[in-house]
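The residues making up each chain are set out below.
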Amino acid sequence: MSDVINLETLYRQEQRRWMRDEAPRRTFRDHLTGSVPYWIVVVALVLYGLSAPHTAGVFDKLTPGWGFIAPIGVEFGLLYAAFRRRLAKAEKEALPWTLWALEILLFLTAMLVNGAGAFTSVVSAVNLGDFSFSSIIEAFGNLPATSQAALVMAVLSAFIISIGALVAGDGLATLALERRTTTDHREQAWQDVEFTVLYRALYGRYLQQGVPERDARPKSPARPAHPPAMRPKKRH
C-alpha cells in the first residue's frame, strides 16, 4: 500500500466513492444562482431580436435588397468588440486601436439606426408620417399620452439596445473567463476533505491486511502536503 501506484489508485477510488455517496448535493438555490450568469445570453438574444428589424430597415435604404444582413455585422460586431476588450483586460494585453475605432463606430451606428428605425415605426403608427421633425416636436405637447410615450421610448431604445449590446458582450466575456477559472463546488468540497478520506482509507486497508491497530495508524502531521502521485493532474 505504500508504493506510488497503489496510492494513486486508492486516491481515485476514494474520490469516485465520495463523489457518488458523500458529496454535497446541489439545491434549487444553487442551480438558480449558477444559472444567473447565463441570463446574459437571453438578454443578448432579445436585444438582437429588437434591433435587427430596425438595422435591416435602415440599411436596406442604403443597400437595397441587402439590408437583412446588416444586423449580423452591427450587433455581432458590438458583441465581439466588447468581448475582445474584456478579454484583453483580463489577460493584460493591449487592444489594437482599430478595434477601439470599430467599437465606437458600431456603437454610434447602432444608436442611429435603432433610433431612426424606432422613430420611423412610431411616427407611422401614430399617423405622424407626413409631419416634419420640427413639427412633431412643436406638436408633442398636444399629442395623446400613448403617442408621447411611444416617441420617448423610440429615443430611449437607441440607447438601450446599443448599450445593452456592449453589456451583453462584457457579460459573455465574463462568463467565458469564469468558466475557465472557477472550480466546481463538488471538486472544491472534495479538496477540503480528501486528506481525511484518504487517511481513513489507508488505515482501513492496513487493518484488512492484518497490520496491528497501533501500527496501522499512519503517523502524519495535522495538515500534510500530498505526495505528487496522490493528487491526479488536472486536465486542461
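Residues numbered from 1 in each chain as written. Predicted model: local features only at pLDDT ≥ 70, side-chain atom pairs only at ≥ 80, totals over all residues. Heavy atoms only, no water.

Q: I would appreciate a short explanation of the overall build of the protein in the present structure.
A: Within the protein, the regular secondary structure consists of nine helices and zero strands. Of the regular secondary structure in the protein, the N- to C-terminal order runs α-α-α-α-α-α-α-α-α. Here the protein holds 236 residues, and 31% of them are scored as buried. Of all intrachain contacts in the protein linking residues separated by at least 6 positions in sequence, the fraction that spans at least 24 positions is 71%. As presented, the protein carries roughly 15,700 Å² of accessible surface, and 63% of it is formed by carbon and sulfur atoms. (Helix = DSSP H or I, 4+ residues; strand = E, 2+ residues; numbered from the N terminus. Buried < 20%, exposed > 50% of the residue type's maximum accessible area, 1.4 Å probe, protein only. Contact = heavy atoms within 4.5 Å. Areas by Shrake-Rupley, 256 points an atom, 1.4 Å probe, with all protein chains shown as cover.)

Q: What am I meant to see in the pattern of salt bridges here?
A: Pairing between side chains becomes possible if they bear opposite charge and their charged atoms approach one another. Scanning the entire structure with this criterion turns up three salt bridges. Residues R85 and D170 are paired through a salt bridge, measuring 3.6 Å at the closest nitrogen-oxygen approach. Residue R85 is located in helix α4 (residues 70-90), and its partner D170 is located in helix α7 (residues 145-181); the two are separated by 85 residues in the primary sequence. Note on D170: relative accessible area 19%, which makes it buried. In this structure, a network of salt bridges that share partners links the residues R85, E103 and D170. (Salt bridge = Lys/Arg side-chain N within 4 Å of Asp/Glu carboxyl O.)

Q: Is there a simple way to think about a nonpolar patch on the surface in this case?
A: Where nonpolar side chains cluster on the molecular surface, the patch consists of W66, F68, I69, I72 and F76 and spans about 570 Å² of accessible area. Its location among the elements puts F76 in helix α4. (Patch = residues over 30% accessible without salt bridge, like charges linked within 9 Å, V, L, I, M, F, W, Y side chains within 5 Å.)

Q: Looking at this model, I keep getting lost on unusual backbone geometry. Mind explaining?
A: As a rule of thumb, non-glycine residues mostly have phi less than zero, and peptide bonds are mostly trans rather than cis. Even without glycine at this site, K92 takes up a positive phi of about 55°. Relative to the assigned elements, K92 resides in the loop between α4 and α5 (97-125).

Q: Help me understand the nonpolar core, please; the structure alone is not making it clear to me.
A: The biggest cluster of nonpolar side chains holds 11 residues, and these are L10, Y11, W18, M19, A23, A189, W190, V197, L198, A201 and L202. For this core, the secondary-structure elements that each account for two or more residues are α1 (4-21) and α8 (185-208). With six residues, the single largest contributor to this core is α8. Within the second largest apolar cluster, nine residues are counted, among which are L78, L106, M111 and A165. (Core = buried A, V, L, I, M, F, W, Y, C linked by side-chain atoms within 4.5 Å.)

Q: I tried to follow the side chain of E14 on my own but got confused; where do I start?
A: Topologically, E14 is positioned in helix α1. Taking relative accessible area as the criterion, E14 reaches 13% and is therefore assigned buried. Residue contacts for E14: discarding those within four places in its chain leaves W190, V197 and A201.

Q: Could you clarify how one ought to interpret the packing of aromatic side chains in this entry?
A: In this description, a pair of aromatic rings is defined by centroid distance and the angle of the planes. Inspection of every chain in the model, using the stated rule, returns two aromatic pairs. On the basis of an interplanar angle of 65° and a centroid distance of 5.4 Å, the ring pair of Y48 and F76 is categorised as edge-to-face. Here Y48, found in helix α3 (residues 39-62), pairs with F76, found in helix α4; they are 28 residues apart in sequence, far enough to count as distant. Judged by its relative accessible area of 27%, Y48 falls in the partly exposed class. (Phe/Tyr/Trp six-rings, centres within 6.5 Å; stacked < 30°, edge-to-face > 60°.)

Q: Can you help me understand α5 in this one?
A: Along an α-helix, a turn takes 3.6 residues, which lines up residues three or four apart on a common side. The terminal C-alpha atoms of α5 lie 42 Å apart, and with 29 residues this matches the ideal 42 Å at 1.5 Å per residue to within 8%. The first or second residue beyond α5 is N127, which carries a positive phi of 60°. (Expected span 1.5 Å × (residues − 1).)

Q: Could you clarify how one ought to interpret the packing of α3 against α4 in this entry?
A: Angle between the axes and distance between the axes: these two values describe a pair of packed helices. Between α3 and α4, the least distance of the axes is 8 Å, while the angle of their chain directions is 130°. As far as their axial angle goes, α4 and α3 are oblique. As α3 runs across α4, the sense of the crossing is right-handed. Across the interface between the two elements, Y48, S51, A52, T55, A56 and F59 of α3 pack against A70, P71, I72, V74, E75 and F76 of α4. Considered class by class, the residues forming the contact of α3 with α4 number nine nonpolar, two polar and one charged. (Axes fitted to C-alpha atoms, helices over the stretch in contact; angles between N-to-C directions. Parallel < 35°, antiparallel > 145°, perpendicular 65-115°, else oblique. Left-handed = near helix turned anticlockwise from the far one by under 90°. Nonpolar A, V, L, I, M, F, W, Y, C, P; charged D, E, K, R; others polar.)

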